[in-house]
Amino acid sequence: MDLAIDVHRLRKEFKVQKNREGLKGAVRDLFRREYNQVAAVKDISFQIPKGEICGYIGENGAGKSTTIKMLTGILVPTSGDIRVGGFVPYKEREKFVRNIGVVFGQRSQLWWDIGVIESFQLLKKVYRVPDAEYCSRMDELVDRLQLGELLNRPVRKLSLGQRMRCELAASLIHNPAILFLDEPTIGLDIMVKTEIREFLKSMNKRYGTTILLTTHDLQDIEALCSRVIMLDDGRIIYDGGLEELKERWGKGKEVILRFSEPVSLPSLRELTAGLQVDWSLDNELTAKVWIPQQAASVSEVLGRVVGMLTIEDIKILETNTDDIVREIYKSGSAEAKKELRERQEVTLHG
């Protein structure tokens, strides 16, 4: 397997000052400070093949940003092995950065008071992009991200959505093999988010760009990622397919059916007897059936109904990723986190 990112037992600890209580404690802190070692990332291991789009999710403080900073060479790990695009990020900075692109949603890589195109030209020199390659690349990025009217504006005069489109273009000027996106759609309206997601999918498909995406917007994950890595308290508690996560932790599906003739609850319940599903009526022509995850399949339920009643319309509503992740992270779901972690350890060591 050709790997873009290879991480083995990666750990990052920070020294945090202990503050003594009271005035005497504050005076003592002036002369003799004491520190605690706090681990933000705790011996995590994962591999990302070239060309994959992988979601990296977790609550605030879970260790996502610390991981990204180590992967991009901003932070030096306390221990563990890390290779990105074949390089050790913090050791081979100059060669390494030509191979990656980075977008931090809340930080800009563009110069605030000069025109967008001037920032692009400066980045061209930084990355040593040949003239012909730069012109070809810019033509494509300006067209795909609709930047034509923005190129001569100072960055400070751009809206958030406009700036994020320019940030994406800036990160791709040198056609990096690996793209790190840290909250790239934060604060954007739904139209801009959709445009950015479609652009990222097309870049991945055309150039085989590997993308590691951290976000709190789980619709980004659903739109872009087939795989998700979930972090909790500095440890990986899930690493696998998005569909598997939904299947394992989704509570079930709700199916809404509209019939051509009036129906009754007793007749619907009789048709699905033994399947442990729950029917309700919106009106005499519209019924809802709740199908718990382990109870039955949608096709099994519909198979019982279709032959007996005439159905005009069907709508299937699934538990979405937001609901599943929220459930896992809720204080009452320690059991879910424990089970996820145990399954992950079996996968890693088995």
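Whatever comes next refers back to the structure up there.
Predicted, not measured: the structure shown is a model, and the values here were computed from it. (Residues numbered from 1 in each chain as written. Predicted model: local features only at pLDDT ≥ 70, side-chain atom pairs only at ≥ 80, totals over all residues. Heavy atoms only, no water.)

Visitor: Before we move on, could you go through the pairing of strand β5 (residues 100-104) and cite the residues and values that matter?
Guide: Counting buried positions over the 5 residues of β5 gives 5, a clear majority of the element. Summarising the sheet, β5 and strand β6 (residues 178-182) pair through 5 bridges and their orientation is parallel. For V102, the partnering residue across the bridge sits in β6 and is F180. (Buried < 20%, exposed > 50% of the residue type's maximum accessible area, 1.4 Å probe, protein only. Helix = DSSP H or I, 4+ residues; strand = E, 2+ residues; numbered from the N terminus. Pairing = 2+ DSSP bridges.)

Visitor: Outline the packing of aromatic side chains, listing residues and values.
Guide: For the structure shown, the criterion picks out 1 aromatic pair. Taking NZ or CZ as reference, K12 lies 5.4 Å from the ring centre of F14, over its face. (Phe/Tyr/Trp six-rings, centres within 6.5 Å; stacked < 30°, edge-to-face > 60°. Lys NZ or Arg CZ within 6 Å of the ring centre and 35° of its normal.)

Visitor: Could you give me a rundown of the sheet that holds strand β2 (residues 34-49), with the residues and numbers involved?
Guide: Spatially, β2-β1-β4 is the arrangement adopted by the 3 strands of the open sheet, whose pairing is antiparallel. If you trace the sheet from one side to the other, it starts and ends with β2 and β4 (79-84), each paired once. The average undirected angle you get between the axes of adjacent strands in this sheet is 25°. Where strand β1 (residues 3-18) meets β4, 5 bridges bridge the pair, whose relative direction is antiparallel. Opposite V7, over in β4, you have I82 as the bridge partner. (Axes fitted to C-alpha atoms, helices over the stretch in contact; angles between N-to-C directions.)

Visitor: A description of a nonpolar patch on the surface should follow, citing residues and the corresponding values.
Guide: Taken together, the side chains of F14, V16 and V38 present a nonpolar region at the surface, about 210 Å² in accessible area. Position of F14 relative to the elements: it lies in strand β1. (Patch = residues over 30% accessible without salt bridge, like charges linked within 9 Å, V, L, I, M, F, W, Y side chains within 5 Å. Areas by Shrake-Rupley, 256 points an atom, 1.4 Å probe, with all protein chains shown as cover. Salt bridge = Lys/Arg side-chain N within 4 Å of Asp/Glu carboxyl O.)

Visitor: Can you break down the state of the cysteines residue by residue, with the values?
Guide: This model, assessed by the stated rule, comprises 0 disulfides. C225 takes part in no disulfide bond, and the closest cysteine sulfur, belonging to C54, lies 6.6 Å away. Judged by its relative accessible area of 6%, C225 falls in the buried class. (Disulfide = S-S within 2.5 Å.)

Visitor: With reference to specific residues and values, describe the nonpolar core.
Guide: Within the largest apolar cluster, 50 residues are counted, with the highest numbers of intra-cluster contacts made by F120, L147 and L200. The leading source of residues in this core is helix α6 (residues 160-172), at 6 residues. If near-sequence neighbours (up to four positions away) are discounted, L147 is found in contact with F120, L141, V142, R165, C166 and A169. (Core = buried A, V, L, I, M, F, W, Y, C linked by side-chain atoms within 4.5 Å. Contact = heavy atoms within 4.5 Å.)

Visitor: Just give me the short version of the environment of W279, but keep the residues and values in it.
Guide: Take W279: it is sitting in strand β11 (residues 278-283). Judged by relative accessible area, W279 falls into the buried class, the value being 3%. Separated by 11 residues in the primary sequence, W279 and L268 place their C-alpha atoms 7.3 Å from one another. Not counting residues within four places of it along the chain, the set of residues in contact with W279 comprises L257, L265, L268, R269, T272, A287, K288, V289, V301 and V305. Of note is the side chain of W279, whose polar atom sits 2.9 Å from the side chain of T272. (Polar contact = N/O pair within 3.5 Å; in protein donor to acceptor, adjacent residues only side chain to side chain.)

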